[in-house]
Amino acid sequence: MNIEKLKNAPRVKLLEEDRRVKQMTTYTPQFLGIPAVWTQEGGDKNAGEGIVIGFIDSGINPDHPSFAYDPMTNSNSFTDRACEEGPLFPQTSCNGKIVSARFFSAGAQTTTTLNESIDILSPFDAVGHGSHVASTAAGNFGVPVVVNGLYYGRASGMAPRARIAVYKAIYPSIGTLSDVLAAIDQAVLDGVDILTLSVGPEEPPEDKLTFLSLFEIFMLAAHKAGTLVVQAAGNEGPSPYSVISYSPWAVGVASCDTDRTYPATLILGNGLKIAGVGLSGATVGDGLMIQYNKLVLAKDAIKINTTLPRIANNAEECQYPEAFDPLVVQDSVVICTFSAGFYNGTSTLTAIIQTAIVLRFKAFVFVANPTYGDFIAEPIPFATPAIMIPATTDTQNILQYYEKETVRDTNGLVVRYGGRAGISEGRNASYKGRAPIVSRFSSRGPDYIDQSKNPTDVLKPDILAPGHQIWAAWSPMSVLDPILSGHNFALMSGTSMATPHIAGVAAMIKQYNPSWTPSMIASAISTTASTYDNLGEPIMAHGFDLYTLHTSAPFGFGAGLVNPSGALHPGLVFSAGYEDYISFLCSLPNIDSKIVKTATGGICGQLFENPSDLNLPSITITSLNGSRIVHRTVTNVESKAETYLSAVLPPKGVTVNIEPSWFIIAPQGTQDLHITFNVTQALDDFTFGEIVLTGSLNHVVKMPLSIFPISTT
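These notes cover the structure that comes with them. (Residues numbered from 1 in each chain as written. Predicted model: local features only at pLDDT ≥ 70, side-chain atom pairs only at ≥ 80, totals over all residues. Heavy atoms only, no water.)

Topologically, Gly558 is positioned in the loop between helix H15 (554–557) and helix H16 (564–568). Given the relative accessible area of 0%, Gly558 is considered buried. Residues Gly558 and Ser117 lie 441 residues apart in sequence; the distance between their C-alpha atoms is 41 Å. For Gly558, the contacting residues outside a window of four places in its chain are Leu459, Pro461, Asp462, Ile463, Ala553 and Pro704. (Helix = DSSP H or I, 4+ residues; strand = E, 2+ residues; numbered from the N terminus. Buried < 20%, exposed > 50% of the residue type's maximum accessible area, 1.4 Å probe, protein only. Contact = heavy atoms within 4.5 Å.)

The structure is reproduced here in structure tokens:
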């Protein structure tokens, strides 16, 4: 059947070309103050009880202790969901902690020929990503994290008592939108409370509004069914207009660093200490003192007259053991260099490790290359002493010392290696940094309505959560990350890692307030967030230039860093339902009501005066001419009446007036707010501010403002 025939077939409402999709802890519970929330919910043994979180990802490793079922502490009350068995995933994998597991592969199998050795047709996770995400949100409490024989602490999910429903739709060879949509549909039918999407389309749809793609429409259907959808904002930062979470009915999550780092140090024979990155042990001798060994530049240790030019030409990257004179590099600290192979993706750290093990390096130092500039280094559990030096200025200092201590003959060949170096212990955590900081990779707003990236009146991302260097469960198969093969835990970064933090927090809010709708939960998370870091200063962000910071804004962090304890008792919430979202869609500029009805089934009835009138816990106006009145309604979700006073930190070039300026609101009562914006100065970009509603019972409700004042008239 061709496309035109299918388009006109009975019961076919909307067609969209299938697209590829991509995947977007021990400390973060403490960083976010989660133990205080656990206390309010009866302790860690009860946090998340009765809530099911669905995960659409690469599957799950059912044998991991983070997903073990404990009959002494777990009640097995979720028995009506399906468990699809298959290779490496017997029926017993659904054990009471994992309450449902399915896999979806029709789109993948139609698109490509799957590799049965890695593209396992069962809910089993051959990658590790799905296990990491699931354990971050709902992994069991206090699971020991041991990697390469070293203990890194105990891992706990945000809601350790929540149950897990698995929907595998991503395979090592491919992930397709059609499989993800089938998984969303099934998760909604299964009645999950929270749906976690650390996956998403690689780019916006070509021929329709971002809000009306099938991916967004399926998430709207989930919201209509009472499921809160939590979605990764994307990993295309720090460029503006890079978010892949568009719709107001899904919570888009940005990523931040925490104050935990794993510092490592290279110490040269002259006493110079150079900071680097690497989860590895120190170079030590028989005792516990750091041992200093011969320092060798890889390209100086190449076998003379090698007959393998391909290997010799890339020897500085330490990819091939056969390229080196083993007598030179054995028991030496070898300097390997980032070069063309790493730049084009053909060289790997795994190969360096193998070379180091085969030739018995004492350690290796992987340094930046001035030709290619600085690189971004993330801590990796090295099986041998090692360190990465990502800054070219540090490389120059190392090479300057090396050349000063190295004696060469008239042909430039080394006759004596005089340099010495050692590596300090790099696996001990430090908690001294500024935090949170918006991660460099975290996608930025503003939100946009089409592929031309015309901005729209919705704030994205919505919220900020830890997503940098997160310890969580892994799959030892690790087919896409050979360097992590055999490991049960991994330290990973991405908005994929930030998203399950919010999913777990949402699960605890739902447990504490079971009658709340998805939008009420999302509002509570947003209005209680913090825009200040641990130094009491505005949240900073990593920018385009590596290792530099600048002041962030809502297009980087949304409403701010999630505050789980505050979100349990937000005071007021901004609530919106399915009909409100239909009114929002119908109020968009130049929208065709027939397209909305075809896509959603909703009918354009009562319209908003502007899309910015959707009752969100933020206000975004992409083109403010002269003045505009924006409407909001708040609901008191607490048990007592409260008096609120309004205050404004106005965006530059805009005045803001709120009516009423103060109000008394009864329990479960509502209050309409009328907010008038007037342009006093036209600008060439967005400007930011905040509305703060302060209650007499100590509730503080904050609304970020993102305004583009384009004209005073």
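On to the state of the cysteines. Counted by the stated rule, this structure contains 3 disulfides. Indicated for the protein chain is the disulfide connectivity 1-2, 3-4, 5-6, based on numbering the bonded cysteines in sequence order. (Disulfide = S-S within 2.5 Å.)

This next bit is on helix H6 (residues 177–190). For H6, with 14 residues, the first-to-last C-alpha span of 20 Å sits near the 20 Å given by 1.5 Å per residue. Within H6 the residues assigned to the buried category are Leu177, Asp179, Val180, Leu181, Ala183, Ile184, Gln186, Ala187 and Asp190. (Expected span 1.5 Å × (residues − 1).)

Inspection of every chain in the model, using the stated rule, returns 19 aromatic pairs. Ring geometry for Phe555 and Phe686: centres 4.9 Å apart, planes at 80°, overall edge-to-face. Note that Phe555 is positioned in helix H15 and Phe686 in the loop between strand E32 (670–679) and strand E33 (687–695), a separation of 131 residues in sequence. Of the two residues, Phe555 and Phe686, both sit in the buried class. Put simply, the rings of Phe338, Phe342, Tyr343, Phe366, Tyr372 and Phe375 pair up and form one aromatic cluster. Above the face of the Tyr578 ring, Lys224 is positioned so that its terminal group lies 4.2 Å from the ring centre. (Phe/Tyr/Trp six-rings, centres within 6.5 Å; stacked < 30°, edge-to-face > 60°. Lys NZ or Arg CZ within 6 Å of the ring centre and 35° of its normal.)

On the basis of which strands lie adjacent, the open sheet formed by 4 strands has the order E26-E28-E32-E30 and antiparallel pairing. Lying at the two open borders of the sheet, with one neighbouring strand each, are strand E26 (572–573) and strand E30 (654–659). Bridging between E30 and E32 involves 6 bridges; their strand directions are antiparallel. When the sheet's bridge partners are listed, Thr655 is paired in E32 with Asn678. (Pairing = 2+ DSSP bridges.)

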